[in-house]
Amino acid sequence: MTASAAAASSSASSSPSVDRSARYCIVGAGPAGLAAARALGEAGIPFDVLERHGDVGGIWDPEHAGSPMYESAHFISSKTLSAFPGFPMPGDYPDYPGWRQILAYLRAFADRFGLREHVEFHAAVERVAPAGDGNGGWDVTLESGEWRRYRGVVLAVGHNYDPVLPVYPGRFDGEAYHSVSYRSADQLRGKRVLVVGGGNSGCDIACDAATGARRALISLRRGYHFLPKHVFGKPTDEFFRSGPELPTWLAQPLLTGLLRLLVGDLTRHGLRVPDHKVLESHPIMNTQLIHHLAHGDIAARPDVRELRGRRVRFADGSEEEVDTIIYATGYRASIPCVDTALLGDPTGSDLYLTIFPPAHRDLFVVGRFETDGGAYPVVTRQAELIAAVIRARESSPAAAARFDALARGPRPDLSHGVKYIDSPRHSIYVQYEAYGRAVGRVLEGLHR
């Protein structure tokens with residue numbers, strides 16, 4: 001019997017080995033967990049942070065088991081609009097910091113706000129479940145077998161740890177792995193490499209292959225809109241968010257026209273025409289790939305149809321001989337330490353504002369979303385809202401009742417009118433400004 005099963009079978013009739021029932025438990029000390037720790041600390045709410053690794057940083061530390069970090073990884077949002085509110089990134093950072101700089105920034109954030117003293121390292125959480133004795137609270141079981149009781153739990157585990165691998169007919173006799181295992185271009189040197197997937201990490205790895213592999217290919221199942229990282233000398237997000245906010249029906253054609261001027265006709269480089277409007281999928285911030293396509297350093301191919309030993313057959317009937325396939329095919333937004341039924345719908349669509357499960361008042365989720373802007377301002381607002389809800393339930397019954405009524409009511413539109421493509425990634429997508437406004441309105445209601 002596993003430690004979690006043992007705890008589950010005994011929770012109704014025995015006491016936890018550690019009683020922390022006056023405190024909240026934050027699971028994870030990555031960016032979302034650190035934001036939650038700062039918010040709860042500033043609100044005077046007692047908490048512990050349980051982190052399975054030996055330092056803070058989450059996915060940005062490649063030494064953490066399961067981290068998807070690779071040498072060429074950078075932010076795709078600018079340093080100015082990506083920082084935690086109240087803690088700007090250093091002025092000497094480039095517009096788009098690399099992973100080492102981001103990791104250093106996260107650790108400086110933890111030090112600046114005294115968060116490390118709340119973190120218990122090498123404390124991997126195996127299971128989170130409602131307390132079984134009917135007195136409320138949450139049972140948290142560690143992989144060590146230790147069983148703790150907490151008042152509530154904030155799940156801040158991220159969603160880039162559970163890789164999705166496609167299944168194709170046939171068999172591949174070469175080397176194949178998910179991009180979560182990719183680290184540097186050294187893995188590609190002298191090989192014929194196929195990268196499957198057109199997200200930002202897939203495009204980064206494809207650019208590594210373009211400069212280091214014997215032959216480089218990228219397989220894309222659809223056409224995408226590629227955005228440059230700078231527009232008229234400014235980081236793209238700063239450029240577009242420095243002016244008035246436009247309605248989607250106007251922003252889409254204006255941006256489409258601008259991309260025609262700045263990027264041009266992508267079909268000249270073997271790419272397909274996008275099957276969706278600009279903004280309807282996660283932005284691909286990588287015109288470096290267009291540069292390599294234009295110079296013949298890499299070739300674009302459509303979706304994979306069949307694996308034939310060392311050969312790969314594509315949807316257009318073409319075939320290529322390949323040594324290595326890297327599947328940059330995304331991740332499931334899973335939270336392995338909790339029964340997904342506790343969160344409502346498995347896609348997470350039942351979570352009010354992507355944070356609050358419908359049936360559990362003291363269970364919260366931070367960072368389980370995708371957006372078209374910097375994530376750290378968003379997780380900060382999520383954490384502030386969690387702290388405000390906890391405080392309202394302790395000291396302001398009227399405000400808590402207003403919040404509970406909102407959480408039970410119709411879900412706000414978090415898309416700003418954008419019709420996102422149908423994919424698992426976009427099932428948890430929120431539009432940056434629309435989401436900020438929605439959270440801000442609820443915060444205002446709690447503070448009235």
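Residues numbered from 1 in each chain as written. Predicted model: local features only at pLDDT ≥ 70, side-chain atom pairs only at ≥ 80, totals over all residues. Heavy atoms only, no water.

1. Structural notes on the overall build of the chain
A tally of regular secondary structure across the chain gives eleven helices and 22 strands. Against the globule reference of 22 Å for 448 residues, the chain gives a C-alpha radius of gyration of 23 Å, in line with a compact fold. With the principal axes as the frame, the chain shows a C-alpha extent of 65 × 55 × 40 Å. Counting across all 448 residues of the chain, residues that qualify as buried make up 53%. (Helix = DSSP H or I, 4+ residues; strand = E, 2+ residues; numbered from the N terminus. Rg over C-alpha atoms; globule rule 2.2 N^0.38 Å. Buried < 20%, exposed > 50% of the residue type's maximum accessible area, 1.4 Å probe, protein only.)

2. Describing helix H11 (residues 432-447)
An ideal rise of 1.5 Å per residue puts 22 Å on 16 residues; H11 measures up with 23 Å between its terminal C-alpha atoms. Residues of H11 that are buried include every one of Glu-433, Ala-434, Tyr-435, Ala-438, Val-439, Gly-440, Val-442, Leu-443, Gly-445 and Leu-446, and no others. If you follow the buried residues of H11, they end up packed against helix H6 (236-241), helix H9 (375-395), helix H10 (397-408) and strand S22 (429-430). (Expected span 1.5 Å × (residues − 1). Contact = heavy atoms within 4.5 Å.)

3. Some words on the pattern of salt bridges
Applying the stated criterion to the full structure yields 34 salt bridges. Of the charged contacts, one joins Asp-55 and Arg-116 as a salt bridge, the two residues approaching to 2.5 Å between their closest N and O atoms. Separated by 61 residues along the polypeptide, Asp-55 in the loop between strand S2 (47-50) and helix H3 (79-82) and Arg-116 in the loop between helix H4 (99-112) and strand S3 (119-120) bring together distant segments of the chain. Among the residues examined, Asp-55 registers a relative accessible area of 18% and is labelled buried. Take Arg-116: its relative accessible area is 27%, and that puts it in the partly exposed class. Ionic contacts of the salt-bridge type, sharing partners, join the residues Arg-192, Glu-306, Arg-308, Arg-310, Arg-311, Glu-319, Glu-321 and Asp-323 into one network. (Salt bridge = Lys/Arg side-chain N within 4 Å of Asp/Glu carboxyl O.)

4. Observations regarding the side chain of His-178
Relative to the elements of secondary structure, His-178 occurs in strand S9 (residues 175-178). Within the local environment of His-178, its side chain forms a polar contact with the backbone oxygen of Val-164, the two atoms lying 3.4 Å apart. If sequence neighbours within four positions are ignored, His-178 has contacts with Pro-163, Val-164, Leu-165, Ile-326, Tyr-327, Thr-329, Gly-330 and Tyr-331. (Polar contact = N/O pair within 3.5 Å; in protein donor to acceptor, adjacent residues only side chain to side chain.)

5. Overview of the confidence of the model for the chain
In this model, the chain carries an average pLDDT of 93, and 96% of its residues clear a pLDDT of 70 or more. Long-range and interchain partners of residues 1-13, a stretch whose pLDDT sits below 50, account for 19 contacts in this model, where long-range means more than four residues apart. (pLDDT = per-residue confidence, 0-100.)

6. Structural notes on the packing of aromatic side chains
Following the criterion strictly, the structure yields 19 aromatic pairs and no others. One aromatic cluster is present, built from ring pairs that chain together Trp-60, Phe-75, Phe-84, Phe-87, Tyr-105, Phe-109, Phe-113 and Tyr-376. Cation over ring: Arg-38 sits above Phe-113, and NZ or CZ is 4.7 Å from the ring centre. Over the ring of Tyr-161 we find Arg-52; its NZ or CZ atom is 4.9 Å from the centre of that ring. (Phe/Tyr/Trp six-rings, centres within 6.5 Å; stacked < 30°, edge-to-face > 60°. Lys NZ or Arg CZ within 6 Å of the ring centre and 35° of its normal.)

7. Quick look at the sheet that holds strand S17 (residues 319-321)
Ordered in space as S8-S15-S16-S17, the four strands form an open sheet in which the pairing is mixed. Only two strands of the sheet have a single neighbouring strand rather than two, namely strand S8 (170-172) and S17. Between one strand axis and the next, the sheet turns through 35° on average, direction left out of account. (Pairing = 2+ DSSP bridges. Axes fitted to C-alpha atoms, helices over the stretch in contact; angles between N-to-C directions.)

8. Regarding the pairing of S2
Along S2, one buried face is formed by Phe-47 and Val-49 and the opposite face, lined by Asp-48 and Leu-50, is buried too. Of the strand pairs in this sheet, strand S1 (residues 18-27) and S2 are connected by four bridges, and their pairing is parallel. When the sheet's bridge partners are listed, Val-27 is paired in S2 with Leu-50. Taking the sense of rotation as the criterion, the β-α-β connection linking S1, helix H2 (residues 31-42) and S2 turns out right-handed. Where S2 lies against S3, two bridges are found, and the strand directions are parallel. (Right-handed = clockwise from strand over helix to strand, strands pointing away.)

9. Points about the sheet that holds strand S10 (residues 192-196)
Here we have five strands laid out as an open sheet, ordered S9-S18-S10-S11-S14, and parallel in their pairing. This sheet does not close on itself; its edge strands, each paired only once, are S9 and strand S14 (299-301). Recorded for the sheet is a direction-independent mean angle of 20° between the axes of neighbouring strands.

10. Re the pairing of strand S6 (residues 147-155)
Burial of S6 is extensive: eight of the nine residues sit out of reach of the surface. Pairing between S1 and S6: seven bridges, direction parallel. Pairing of Cys-25 across the sheet is with Val-153, part of S6. Looking at chain direction, strand S5 (residues 138-142) and S6 are connected through four bridges and run antiparallel. Across the sheet, Trp-138 pairs through a bridge with Tyr-150, a residue of S6. Between S5 and S6, which pair antiparallel one after the other, the connecting turn spans four residues, and Gly-145 there sits at a positive phi close to 100°. Sheet topology note: the S6/strand S20 (residues 363-365) ladder contains three bridges and is parallel. For Val-154, the partnering residue across the bridge sits in S20 and is Phe-364.

11. Observations concerning H4
With 14 residues, H4 extends 20 Å between its outermost C-alpha atoms, agreeing within 8% with the 20 Å of an ideal straight helix rising 1.5 Å per residue. Those residues of H4 that fall on the buried side of the exposure criterion are Trp-99, Ile-102, Leu-103, Tyr-105, Leu-106, Arg-107, Phe-109 and Ala-110. Packing partners of the buried residues in H4 comprise H2 and H9.

12. Here's the deal with the environment of Arg-332
Counting through the fold element by element, Arg-332 comes out in strand S19 (residues 331-332). The exposure class assigned to Arg-332 is partly exposed, which follows from its relative accessible area of 43%. Between the C-alpha atom of Arg-332 and that of Thr-211, which follows or precedes it by 121 residues, the distance is 30 Å. Look past the residues within four positions of Arg-332 in its chain and what remains in contact with it is His-159, Asp-162, Pro-163 and Val-164.

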